[in-house]
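Close look at the chain arrangement
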Amino acid sequence: KLISKVGGDVLGTSILQGLSDEGVLTDLMKSEGQSAFSTVLVDAEGTRTCVNSPGSEMIGEEMREVLESEAGEASARHLRLVHLDGRHPQAALAFTDA
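In what follows, the accompanying structure is described. (Residues numbered from 1 in each chain as written. Predicted model: local features only at pLDDT ≥ 70, side-chain atom pairs only at ≥ 80, totals over all residues. Heavy atoms only, no water.)

1. Notes on helix 1 (residues 10–21)
For helix 1, spanning twelve residues, the distance from its first C-alpha to its last is 16 Å, which sits close to the expected 16 Å at 1.5 Å a residue. Once helix 1 ends, the next one or two residues include Gly23, with phi positive near 90 degrees. (Helix = DSSP H or I, 4+ residues; strand = E, 2+ residues; numbered from the N terminus. Expected span 1.5 Å × (residues − 1).)

Right under this line is the structure:
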């Protein structure tokens, strides 16, 4: 199961479908706003430049809503691994406070 947020756009739909195709349960995912993406530009010498478009951030209130839902509470009781990164810092803090 994955708790995160993707955009409510074509890219977000594609991400959710790809996760589902790989057996990842996405029922706790939030989908709204714009999806994050990066573009990598490579010049003739092979130098790479990355351009990041951060997209919509999952905020603390959204994480609290997920964790307080029946499905979120059931999932939290069976956690084996939690990975918190810097993409959704407010949501990560709300998770650790739960």
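That covers the picture; the talk isn't over yet.
2. Quick word on the pattern of salt bridges
Any two side chains of opposite charge can pair if their charged atoms end up close together. This model, assessed by the stated rule, comprises five salt bridges. In this structure, the salt-bridge partner of Glu65 is Lys30, at a minimum N-O distance of 3.3 Å. Residue Glu65 is located in helix 2 (residues 60–68), and its partner Lys30 is located in strand 2 (residues 30–31); the two are separated by 35 residues in the primary sequence. (Salt bridge = Lys/Arg side-chain N within 4 Å of Asp/Glu carboxyl O.)

3. What about the nonpolar core?
In this structure, Leu28, Met58, Met63, Val66, Leu67, Ala91, Ala94 and Phe95 together form the largest nonpolar core, which totals eight residues. Contributing elements (two or more residues each) for this core: helix 2 and helix 4 (89–97). Excluding residues that lie within four positions of it along the chain, Met58 makes contacts with Ile3, Ser4, Lys5, Lys30, Met63, Val66, His88, Gln90 and Ala91. (Core = buried A, V, L, I, M, F, W, Y, C linked by side-chain atoms within 4.5 Å. Buried < 20%, exposed > 50% of the residue type's maximum accessible area, 1.4 Å probe, protein only. Contact = heavy atoms within 4.5 Å.)

4. Here we look at the side chain of Lys5
The residue Lys5 is located in strand 1 (residues 5–6) in this model. A polar contact is formed between the side chain of Lys5 and the side chain of Glu32, at a distance of 3.5 Å. (Polar contact = N/O pair within 3.5 Å; in protein donor to acceptor, adjacent residues only side chain to side chain.)

5. Re the environment of Ala92
As for its placement among the helices and strands, Ala92 is situated in helix 4. Of the residues examined, Ala92 reaches a relative accessible area of 14% and is grouped as buried. A sequence separation of 33 residues divides Ala92 from Ile59, and the C-alpha atoms of the two residues are 8.7 Å apart.

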